[in-house]
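An overview of the molecular structure
Take a look at the letters that make up each chain.
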Amino acid sequence: MSPGKLAAQQMMSECGIDDPTSIPLDLIVYGRGATLIEKPLSNSEGRIVFGKTKAIITVNSDISYEGKRRFVIAHELGHFELHRNLILVHNDTDATLEYFKNGHQETEANEFASEVLMPEKLFKAECKGNKFGPDLLRHLAERFQTSLTSTVYKYFELGDHPICLFYSFNNQIKYWKRPEEYPHYINDRTKLPPPEDSVAAEFFNEQKIYRKEDSKQQIWKSTWFELKSWENDNDFRFYEYCIITPKYNTVLSVVWEELK
Ligand SMILES: [Zn+2]
């Protein structure tokens, strides 16, 4: 198990908390001995300052979205639990809070936050028997009061249905990941624009954002994956659901196959 996840599970069990939505997150922070302040921050979303005995966590009060606010607080709490002897002052921006490709400590803090907000056991129970799709992701995000993005990463790790993720910024693919032993080979387009017939490209080229009801879009296998010479696109059913943040010009494409 990752150190971040382990630390989160230990902390929650020490606090005697099974369900993180049953108690305000602020109380958990106070209970651990840190002080939480909310005020406007100009260049970061969250910050932690370690004193000799105390630590102050500040969360940007301009964050309007509760799921993100919770993630930032849990991320800083992760630094408090895991890195208190390693850092003195630390600022978090949207870049450090991002799940892909980050330094060691950021990854740990993100894994910590993910586990505090969406404990594995509860998350798995909530997924069980539910068909994968945008509706399930929205349900999970509501249930755990988390952002859709952090919910998707958790689902990638623990969900029943294998999914692939492609993260694009400014019409360029930054990172992608697929489950181990995924049966389809991804065409690596890192640093290139998303495929022309992808839903992500529709956003970058035409600013198209689908309504909730239509957010699950059928695509070809060949859109994101290699189509073998003996394969036919018509024999596969692939879907793409895009989590779009127009403010940052980012798209997280969730791609999955449904077997006929
Ligand atoms: Zn951080």
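Note that the coordinates shown come from a computational prediction; the quantities given were computed from them, not determined experimentally. (Residues numbered from 1 in each chain as written. Predicted model: local features only at pLDDT ≥ 70, side-chain atom pairs only at ≥ 80, totals over all residues. Heavy atoms only, no water.)

**Some points on the overall build of the chain**
- The helix and strand inventory of the chain stands at 10 helices and 9 strands.
- The globule rule puts the C-alpha radius of gyration for 260 residues at 18 Å, and the 19 Å found for the chain is close to it.
- Principal-axis analysis of the C-alpha atoms gives the chain an extent of 65 × 40 × 30 Å.
- Relative to its full complement of 260 residues, the chain shows a buried share of 49%.
- Partitioning the contacts of the chain with sequence separation of at least 6, the portion at a separation of at least 24 is 54%.
- Surface exposure of the chain reaches about 13,200 Å², of which carbon and sulfur atoms provide 49%.
- For the chain, the distance from the average position of its 32 positive side-chain charges to the average position of its 39 negative side-chain charges is 2 Å. (Helix = DSSP H or I, 4+ residues; strand = E, 2+ residues; numbered from the N terminus. Rg over C-alpha atoms; globule rule 2.2 N^0.38 Å. Buried < 20%, exposed > 50% of the residue type's maximum accessible area, 1.4 Å probe, protein only. Contact = heavy atoms within 4.5 Å. Areas by Shrake-Rupley, 256 points an atom, 1.4 Å probe, with all protein chains shown as cover. Lys, Arg positive; Asp, Glu negative; His and termini not counted. Charge placed at Lys NZ, Arg CZ, Asp CG, Glu CD.)

**A look at unusual backbone geometry**
- Not every positive phi belongs to a glycine, and E181 is a case in point at roughly 60°.
- Inspection of the secondary structure assignment puts E181 in the loop between β6 (172-177) and α9 (199-206).
- Of note in this structure, K191 is not a glycine but carries a positive phi near 75°.
- Looking at where K191 falls in the secondary structure, it is placed in the loop between β6 and α9.

**What to know about the domain arrangement of the chain**
- As assigned here, the chain comprises domain 1 (3-121) and domain 2 (163-260).
- Its C-alpha centre places domain 1 at a distance of 31 Å from the equivalent point of domain 2.
- On the domain 2 side, the residues contacting the 6 residues of domain 1 number 7 residues.
- Summed over both sides, the interface between domain 1 and domain 2 buries roughly 520 Å², with carbon and sulfur atoms accounting for 67% of that surface.
- Seen at the junction of domain 1 and domain 2, the total is 0 salt bridges.
- At the junction of domain 1 with domain 2, the criterion picks out 0 residue pairs in polar contact (both at pLDDT 80 or more).
- Split into classes, the residues belonging to the side of domain 1 that touches domain 2 amount to 1 nonpolar, no polar and 5 charged. (Domains from an automatic or database assignment. Buried area = accessible area lost by both parts, 1.4 Å probe. Salt bridge = Lys/Arg side-chain N within 4 Å of Asp/Glu carboxyl O. Polar contact = N/O pair within 3.5 Å; in protein donor to acceptor, adjacent residues only side chain to side chain. Nonpolar A, V, L, I, M, F, W, Y, C, P; charged D, E, K, R; others polar.)

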